Amino acid sequence: MIAESAQQAQSILRDPSTFSWYIIPLLLIVLYTYFMEADKGNWSRVLAGLAFWGMDWFNEIWNGLVFHFSQFAPVWSAPGGNTAYLILVGLNIEISFMFAITGIAATLAMPRDKNLKILGINNRLLFAIVMSFFSVCVEIMLNKAGALIWEWPFWNAEFPYLIFLFGYMPFYLVCYWVFDMESRKKQIITVGSILGFDLVALLALGSLGWI
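Residues numbered from 1 in each chain as written. Predicted model: local features only at pLDDT ≥ 70, side-chain atom pairs only at ≥ 80, totals over all residues. Heavy atoms only, no water.

A.B. asks: Explain the overall build of the chain residue by residue, including any values.
C.D. replies: Scanning the chain from terminus to terminus reveals seven helices and four strands. In terms of C-alpha radius of gyration, the chain reaches 18 Å, essentially the compact-globule figure of 17 Å for 211 residues. Along the longest, intermediate and shortest principal axes, the C-alpha atoms of the chain span 50 × 35 × 30 Å. Burial analysis of the chain (211 residues in total) assigns 46% to the buried set. Across the chain, the fraction of contacts at a sequence separation of at least 24, relative to all contacts at a separation of at least 6, is 70%. (Helix = DSSP H or I, 4+ residues; strand = E, 2+ residues; numbered from the N terminus. Rg over C-alpha atoms; globule rule 2.2 N^0.38 Å. Buried < 20%, exposed > 50% of the residue type's maximum accessible area, 1.4 Å probe, protein only. Contact = heavy atoms within 4.5 Å.)

Structure representation (C-alpha cells):
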C-alpha cells in the first residue's frame, strides 16, 4: 500500500502547472554564485560544488528506486504543494538549487590548508562532520514543518544516524576531496563521472518509469 505522503508527491510529480516565477531569481542566484567563482579563477571550488550537487542526485535516484520497488514510500519525500516543480519524489527544484550552492559554501567555510588539524582531527573530516550535523538539523526542522516526510523507521528524527552517515557525510567528503585534488584533469574526470552516471541513470530509469 502506497503511503499518503508518497501519493501526494506522485500527484504533483513533474507537473508543470506548479510553476512559480520565484524559481527564476533562485536560478540566477545559483548562476551568479558559480560565475563569480569562475570569474575569480576558483575552478576547484566550482568543481567541488558540482561534485556535491552530483552526489545529491545520486541519493535522489536511489531514493526513487526504493519507492518503485517497495511500492510503499521513498525514504524521504517532498510532497508539499508549495514547490514550483517536483523533479523526483524526494527532490523539488528548490532543494536542487540549494544543493547546487551548498558545496560552494562548504568550501568557503573550511581552512585553505588541507593538512591543518583542529582538536587533533583533520579539518576536512571535522568540517564534514560539523556540516553534516547541521544539515541533519535542518532536515529535522523541515520534517517538523511537513515539508519533508519520512515514512521508514530507520530514517527519522529519533534515529538520525543514517541520515548523517548516508544522507550528508558522503556529500561533504567528496566535495572536499575534489576541492583538494592537485590535478585539474582528475577533478574534471571525477566530477564528470559523477554527473555522467547521474544523467545516464536518470535517462534509463526515467524511461522505464522507475523514478
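A.B. asks: Explain the packing of helix H5 (residues 123–144) against helix H6 (residues 161–180) to me, using residue names and the numbers behind them.
C.D. replies: Put simply, H5 and H6 touch, their axes get as near as 9 Å, and they point 140° apart. Taken as axis vectors, H5 and H6 run oblique relative to one another. In terms of crossing hand, the pair formed by H5 and H6 is right-handed. Touching Arg 124, Leu 125, Phe 127, Ala 128, Ile 129, Met 131, Ser 132, Phe 133, Ser 135, Val 136 and Glu 139 of H5 are Ile 163, Phe 164, Tyr 168, Met 169, Tyr 172, Leu 173, Tyr 176, Phe 179 and Asp 180, all from H6. Of the residues belonging to the contact of H5 with H6, the class tally is 15 nonpolar, two polar and three charged. (Axes fitted to C-alpha atoms, helices over the stretch in contact; angles between N-to-C directions. Parallel < 35°, antiparallel > 145°, perpendicular 65-115°, else oblique. Left-handed = near helix turned anticlockwise from the far one by under 90°. Nonpolar A, V, L, I, M, F, W, Y, C, P; charged D, E, K, R; others polar.)

A.B. asks: Hey, could you go over helix H1 (residues 4–12) for me, with residue numbers and the actual values?
C.D. replies: For H1, the complete set of buried residues consists of Ser 5, Ala 6, Ala 9 and Ile 12. End-on, the buried residues of H1 take up no more than an arc of 130°, which puts them together on one face. For H1, the exposed residues set more than 90 degrees away from the buried face come down to Glu 4 and Ser 11. Positive backbone phi, approximately 50°, marks Arg 14, located one or two places after H1. (Arc of directions from axis to C-beta.)

A.B. asks: Which residues make up helix H4 (residues 93–109), and what are the values?
C.D. replies: Taking 1.5 Å as the rise per residue, H4 with 17 residues should run 24 Å; its terminal C-alpha atoms sit 25 Å apart, in good agreement. At Thr 102, H4 shows its maximal bend, which comes to roughly 30°. For H4, every residue scored as buried is listed here: Ile 93, Glu 94, Ile 95, Ser 96, Phe 97, Phe 99, Ala 100, Thr 102, Gly 103, Ile 104, Ala 106 and Thr 107. The inward-facing, buried residues of H4 abut helix H2 (23–39), helix H3 (43–70), strand S1 (86–88), strand S2 (91–92), H5 and H6. Among the residues of H4, the N-terminal cap falls to Asn 92, whose side-chain oxygen and the backbone nitrogen of Glu 94 are separated by 3.2 Å. (Expected span 1.5 Å × (residues − 1). Bend = angle between axes of the 7 residues up to and from the residue. Polar contact = N/O pair within 3.5 Å; in protein donor to acceptor, adjacent residues only side chain to side chain.)

A.B. asks: Tell me what's going on with the packing of H4 against H6, and back it up with residues and numbers.
C.D. replies: In contact at an axis separation of 10 Å, H4 and H6 are set at 60° when each is read in the N-to-C sense. Put simply, H4 runs oblique to H6. Crossing geometry of H4 relative to H6 is assigned as right-handed. Residues Phe 99, Thr 102, Gly 103, Ala 106 and Thr 107 of H4 form the contact with H6, whose own contacting residues are Tyr 168, Phe 171, Tyr 172, Cys 175, Tyr 176 and Phe 179. In terms of residue class, the contact of H4 with H6 is built from eight nonpolar, three polar and no charged.

A.B. asks: Would you mind going over the pattern of salt bridges in detail, with residue names and values included?
C.D. replies: Between side chains of opposite charge, a pair can form as their charged atoms come close. A complete count under the given rule lists three salt bridges for this structure. A salt bridge links Arg 45 to Glu 37; the nearest nitrogen and oxygen atoms lie 3.5 Å apart. Neither residue differs from the other here; Arg 45 and Glu 37 are each classed as buried. Ionic pairing is found between Lys 114 and Glu 182, a salt bridge with its closest N-O pair at 3.8 Å. Here Glu 182 lies in the loop between H6 and helix H7 (184–208) and Lys 114 lies in the loop between H4 and strand S3 (117–118), a separation of 68 residues in the sequence. (Salt bridge = Lys/Arg side-chain N within 4 Å of Asp/Glu carboxyl O.)

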